[in-house]
Protein chains: 2
Amino acid sequence: MMGSALSYPLKDNGNEVRIVGTCLDDDIVTALISSRYHPKMKRYLPEGIKYYYYKDIQEAITGTEYIIGGVSSYGIEWFSENVLPIIPDEIPILSVTKGLVPEKDGELITIPEYYKRRLSVISPDKKLSLNAIGGPCTSYELCDRNQTYVAFCGEDIDILDRFKAIMQTAYYHIRTTTDVNGIECAVAMKNAYALAVSLAIGMGNKRDGKEAPEHYNSEAALFAQSVREMKRLIAYMNGGEDSLIFGAGDLYVTIFGGRTRKIGTLLGEGMSFSDAMDTLSGVTLESVSITRSCTKALMEASKHGKIDLDSFPLLMHVRSIIEDGAAPCPPWDDFH
Amino acid sequence: MMGSALSYPLKDNGNEVRIVGTCLDDDIVTALISSRYHPKMKRYLPEGIKYYYYKDIQEAITGTEYIIGGVSSYGIEWFSENVLPIIPDEIPILSVTKGLVPEKDGELITIPEYYKRRLSVISPDKKLSLNAIGGPCTSYELCDRNQTYVAFCGEDIDILDRFKAIMQTAYYHIRTTTDVNGIECAVAMKNAYALAVSLAIGMGNKRDGKEAPEHYNSEAALFAQSVREMKRLIAYMNGGEDSLIFGAGDLYVTIFGGRTRKIGTLLGEGMSFSDAMDTLSGVTLESVSITRSCTKALMEASKHGKIDLDSFPLLMHVRSIIEDGAAPCPPWDDFH
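Now for a look at the structure at hand. (Residues numbered from 1 in each chain as written. Chains lettered and ligands numbered in written order. Predicted model: local features only at pLDDT ≥ 70, side-chain atom pairs only at ≥ 80, totals over all residues. Heavy atoms only, no water.)

**A look at the overall build of chain A**
Thought 1: Scanning chain A from terminus to terminus reveals 15 helices and eleven strands.
Thought 2: By the compact-globule yardstick of 20 Å for 336 residues, chain A fits well, its C-alpha radius of gyration being 20 Å.
Thought 3: With the C-alpha coordinates aligned to their principal axes, the bounding extent of chain A is approximately 55 × 45 × 35 Å.
Thought 4: Considering chain A as a whole, with its 336 residues, one finds that 57% of them fall into the buried category.
Thought 5: Across chain A, contacts joining residues at least 24 apart in sequence account for 72% of those joining residues at least 6 apart.
Thought 6: For chain A, the exposed surface amounts to about 13,300 Å²; the carbon and sulfur share of it is 49%.
Thought 7: With 34 positive and 45 negative side-chain charges, chain A shows a separation of 2 Å between the mean positions of the two kinds. (Helix = DSSP H or I, 4+ residues; strand = E, 2+ residues; numbered from the N terminus. Rg over C-alpha atoms; globule rule 2.2 N^0.38 Å. Buried < 20%, exposed > 50% of the residue type's maximum accessible area, 1.4 Å probe, protein only. Contact = heavy atoms within 4.5 Å. Areas by Shrake-Rupley, 256 points an atom, 1.4 Å probe, with all protein chains shown as cover. Lys, Arg positive; Asp, Glu negative; His and termini not counted. Charge placed at Lys NZ, Arg CZ, Asp CG, Glu CD.)

**Points about the packing of helix α10 (residues 216-236) of chain A against helix α15 (residues 313-324) of chain A**
Residues and elements named next belong to chain A.
Thought 1: The N-to-C vectors of α10 and α15 enclose an angle of 105°; their axes lie 8 Å apart at closest approach. One way to sum up the angle between α10 and α15 is to call them roughly perpendicular. In contact with L222, Q225, S226, E229 and L233 of α10, α15 contributes P313, L314 and L315.
Thought 2: Class assignment of the residues belonging to the contact of α10 with α15 gives a composition of five nonpolar, two polar and one charged. (Axes fitted to C-alpha atoms, helices over the stretch in contact; angles between N-to-C directions. Parallel < 35°, antiparallel > 145°, perpendicular 65-115°, else oblique. Nonpolar A, V, L, I, M, F, W, Y, C, P; charged D, E, K, R; others polar.)

**Some thoughts on the interface of chain A and chain B**
Accessible area lost upon the coming together of the parts serves often as the stated size of an interface.
Thought 1: Taken together, the contact between chain A and chain B spans 44 residues of the former and 45 residues of the latter.
Thought 2: Between chain A and chain B the total buried area reaches about 3,800 Å² when both faces are included, carbon and sulfur atoms providing 55% of it.
Thought 3: Per-residue buried area on chain A facing chain B is highest for A:N217, A:I245 and A:Y252; these three make up 20% of the total on that side.
Thought 4: Counting the contacts that link chain A with chain B gives four salt bridges.
Thought 5: Of the charged contacts, one joins B:E241 and A:K231 as a salt bridge, the two residues approaching to 3.0 Å between their closest N and O atoms. (Buried area = accessible area lost by both parts, 1.4 Å probe. Salt bridge = Lys/Arg side-chain N within 4 Å of Asp/Glu carboxyl O.)

**Observations regarding the relation of the copies chain A and chain B**
Thought 1: In the superposition of chain A on chain B (RMSD 0.0 Å, axial shift 0.0 Å), the rotation amounts to 180°. When the rotation and shift are considered jointly, the pair of chain copies conforms to a two-fold rotation axis.
Thought 2: Interface overlap between copies is the fraction of interface residues in one copy that are interface residues in the other; for chain A against chain B it reaches 100%, indicating a shared surface. (Least-squares fit on C-alpha atoms with pLDDT ≥ 70 in both.)

**Concerning the state of the cysteines**
Thought 1: All told, the structure shown has zero disulfides over all chains when counted by the stated rule.
Thought 2: Here A:C185 stays unpaired: no disulfide links it, and the sulfur of A:C294, its closest cysteine neighbor, is 7.0 Å away.
Thought 3: By relative accessible area, A:C185 is classed as buried at 1%.
Thought 4: Free cysteine B:C153: the closest other cysteine sulfur is in B:C185, separated by 12 Å.
Thought 5: Judged by its relative accessible area of 1%, B:C153 falls in the buried class. (Disulfide = S-S within 2.5 Å.)

**Brief notes about helix α10 (residues 216-236) of chain B**
Thought 1: The end-to-end C-alpha distance of α10(B) is 30 Å, a good match for the 30 Å that 21 residues give at a rise of 1.5 Å each.
Thought 2: Directly beyond the C-terminal end of α10(B), a positive phi value near 60° is found at B:N238. (Expected span 1.5 Å × (residues − 1).)

**Some thoughts on the packing of aromatic side chains**
Thought 1: Under the criterion given, the structure shown has 29 aromatic pairs over all chains.
Thought 2: Their ring planes at 20° and their centres at 6.1 Å tell us that A:Y149 and A:F246 sit as a pair that is stacked. With A:Y149 in strand β10 (residues 148-153) and A:F246 in helix α11 (residues 243-257), this residue pair connects regions lying 97 residues apart in the sequence. With respect to burial, A:Y149 and A:F246 carry one shared label: buried.
Thought 3: Taking the centre distance of 5.4 Å and the plane angle of 50° together, the rings of B:Y252 and B:F256 count as tilted. Of this pair, B:Y252 and B:F256 both sit in helix α11 (residues 243-257), four residues apart, which is roughly one turn of the helix.
Thought 4: For B:Y252, a relative accessible area of 0% puts it in the buried group. (Phe/Tyr/Trp six-rings, centres within 6.5 Å; stacked < 30°, edge-to-face > 60°.)

**Focus: a positive patch on the surface**
All names here are of chain A.
Thought 1: Among the surface-exposed residues, K40, K42, R259 and K262 lie close enough to one another that they form a single positively charged patch.
Thought 2: Looking at the secondary structure, you find K40 in the loop between β2 (37-38) and β3 (43-44).
Thought 3: Assessed through its relative accessible area of 48%, K40 is described here as partly exposed. (Patch = residues over 30% accessible without salt bridge, like charges linked within 9 Å, V, L, I, M, F, W, Y side chains within 5 Å.)

**As for the sheet that holds strand β10 (residues 148-153) of chain B**
Residue and element names in this part refer to chain B.
Thought 1: Across the sheet, which stays open at both edges, the five strands sit in the order β5-β6-β9-β10-β11 with mixed pairing between neighbours. The sheet is open, and its two edges are formed by β5 (67-69) and β11 (172-177), each paired on a single side. Sheet twist, expressed as the average angle between the axes of neighbouring strands with direction ignored, equals 30°.
Thought 2: As defined by bridge partners, strand β9 (residues 130-134) adjoins β10 across three bridges and the pair is classed as antiparallel. The residue bridging I133 from the neighbouring strand is F152, located in β10.
Thought 3: Of the strands in this sheet, β6 (93-95) and β9 are in contact with helix α6 (residues 111-122), which crosses β9 at around 160°. (Pairing = 2+ DSSP bridges.)

**Notes on the environment of B:D105**
Residues and elements named next belong to chain B.
Thought 1: Within the secondary structure, D105 is located in the loop between β7 (100-102) and β8 (108-110).
Thought 2: We classify D105 as partly exposed; its relative accessible area is 38%.
Thought 3: In this structure, D105 is in contact with E300, A301, H304 and K306, ignoring residues within four places of it in sequence.

**Description of the environment of A:G264**
All names here are of chain A.
Thought 1: As for its placement among the helices and strands, G264 is situated in helix α12 (residues 260-268).
Thought 2: C-alpha of G264 to C-alpha of I290: the two residues are 26 residues apart in sequence and 14 Å apart in space.
Thought 3: In this structure G264 touches L195, S198 and L199, once residues within four positions along its chain are discounted.

**Quick notes on the sheet that holds strand β9 (residues 130-134) of chain A**
Residues and elements named next belong to chain A.
Thought 1: Pairing is mixed across the open sheet formed by five strands, whose spatial order is β5-β6-β9-β10-β11. Edge positions in the sheet fall to β5 (67-69) and β11 (172-177), since each of these pairs with one other strand and no more. For this sheet the average axis-to-axis angle between neighbouring strands, irrespective of direction, equals 30°.
Thought 2: In this sheet, β9 lies alongside strand β6 (residues 93-95) in parallel orientation, the contact comprising three bridges. Paired with I93 across the two strands is L130, which belongs to β9.
Thought 3: Across the sheet, helix α9 (residues 180-208) is in contact with β9, β10 and β11; its angle to β9 comes to roughly 45°.

**Considerations on helix α14 (residues 286-303) of chain B**
Residues and elements named next belong to chain B.
Thought 1: End to end, α14 covers 26 Å across 18 residues, agreeing with the expected 26 Å (1.5 Å per residue, within 8%).
Thought 2: By the burial criterion, the buried members of α14 are E286, S287, V288, I290, T291, S293, C294, T295, A297, L298 and A301.
Thought 3: The first or second residue beyond α14 is G305, which carries a positive phi of 70°.

**Things to note about the side chain of A:T110**
Residues and elements named next belong to chain A.
Thought 1: Along the chain, T110 turns up in strand β8 (residues 108-110).
Thought 2: For T110, a relative accessible area of 2% corresponds to the buried category.
Thought 3: Look past the residues within four positions of T110 in its chain and what remains in contact with it is L100, V180, N181, E184 and M237.

Purely geometric numbers; function is a separate question.
In structure tokens:
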């Protein structure tokens, strides 16, 4: 969805745009070819885009100057094995995939770093420029051309500035930064923490009924603790300080604009994790994926004395709800 | 309102509570005496509270162990001249007033510091313990016993812990900290920045109609820039880093739970400041007050080379809307 939504600023700037579906997206591509309508995003894409089925990916790549990678975090292994190796080194890549990958000894790495490590095994000679987008942006609103401010991160600021030059519009504002670890940590973790903040919505529903006002005091307390723990995670990954700011904005938009709110609310109402997953079947839940991968890494890091799990009471609480069926009420007095 | 709302955790903990109105609150006191109903907060206060008109303040003070000061920022001069001098030194004070006071050369001081400086002139021999509350909490929700997490700040952690001992409940969670400047800066500035974020609601209404979905991308971008500028302001006041976290939570709740959202939305829709003030007549607008006092100090500090006004593009934009009738659209590309 985000990959498709980026066609708005790209087309508004007069670029030629080609969209290639993954092997799971043939129905979406067919719909886009016939009517420009994206059935999952429920928006029409701009006119003049050329659409390709996955089988024609080589044709789509040929002659392009830039590539945006839009798979979900569940698709990164597939993407690194099937797509990255056929991209010429001179075409820089901008990834919108949000996630962190746990490595041995509790190390957490970004998606660009994961791609780099996978490529070094699959195609050791390749030297791709792997960049990423972070910051608050829902695909729906980008299609609506709502004012949006994001960060592009990567190792080479000149390449980022080239992406910015073709993508920045009067409504899509871009900051470039080399703080890949900070931005990507914030971008990934905001999904887990948006689930945590949404627990307060569900707990409010449970106590006062769904028609009653939201408990903003409670949401704000969970929001603050989320920012506090994200700050520690960014530091653990050696990220920069300003990236927390993008993380706070990203968390904000995810609580209100995204799918994560739904599962957090259901869990906050006291529904079991498996029932909540059944209720939301078919929805990609990055929040669950990142909670699992991050806490797995943290628990491993804790064994090696690299971090103290007590620094993440809210994240570990979300893990307990998902994995152990814990009750939704957060451990307020463990917050610090 | 917040002073009255704090009677909930206090009474739930079995404390004796006395509430004294200011000289402007006689009608509220009369209503509370007759029915326990607070007409501005639209909530009943707990049973068993004793209410006093301002003329009987001396009687109310006599025999108390703690005092909570609940005037608005417009009442701090009155409070320091009329109330503080008659409080015995051994009774510690906890202030809920949110604001910063501009001093000479661009210095910004907290309300407790303002009280201390005023007292040193009015009653030089007094040695009051002046503490304050910060962090996300609306009075309405505190009366509803919603889960809430706040910070008590002051110079003496033992006194703060005494306040915590009598006030913490299963729903009102308290952290104590000596970072008065950080907490009080965050608490005050969140009002100005909640107005800034609410501009996006109004701009969305103007473009798409009031029934259309909110522009969360835009709100999140303004939220992130707000946190960034609040971080700089806390640093300018030599506040601690963790206080920004309370500020982010406080900003969150103020956008959704407070009156500031109304004026920000009206200004975002393009209404002039004077018309917006007329529309909201009778509402205490801390957001306007703090924007004026803080930007006044910053402009003075800038003249003395102490800060760079370019570090606060969003706050200065809000000032321009209020003082110069500037259009609501924020200077997105000045954000950094």
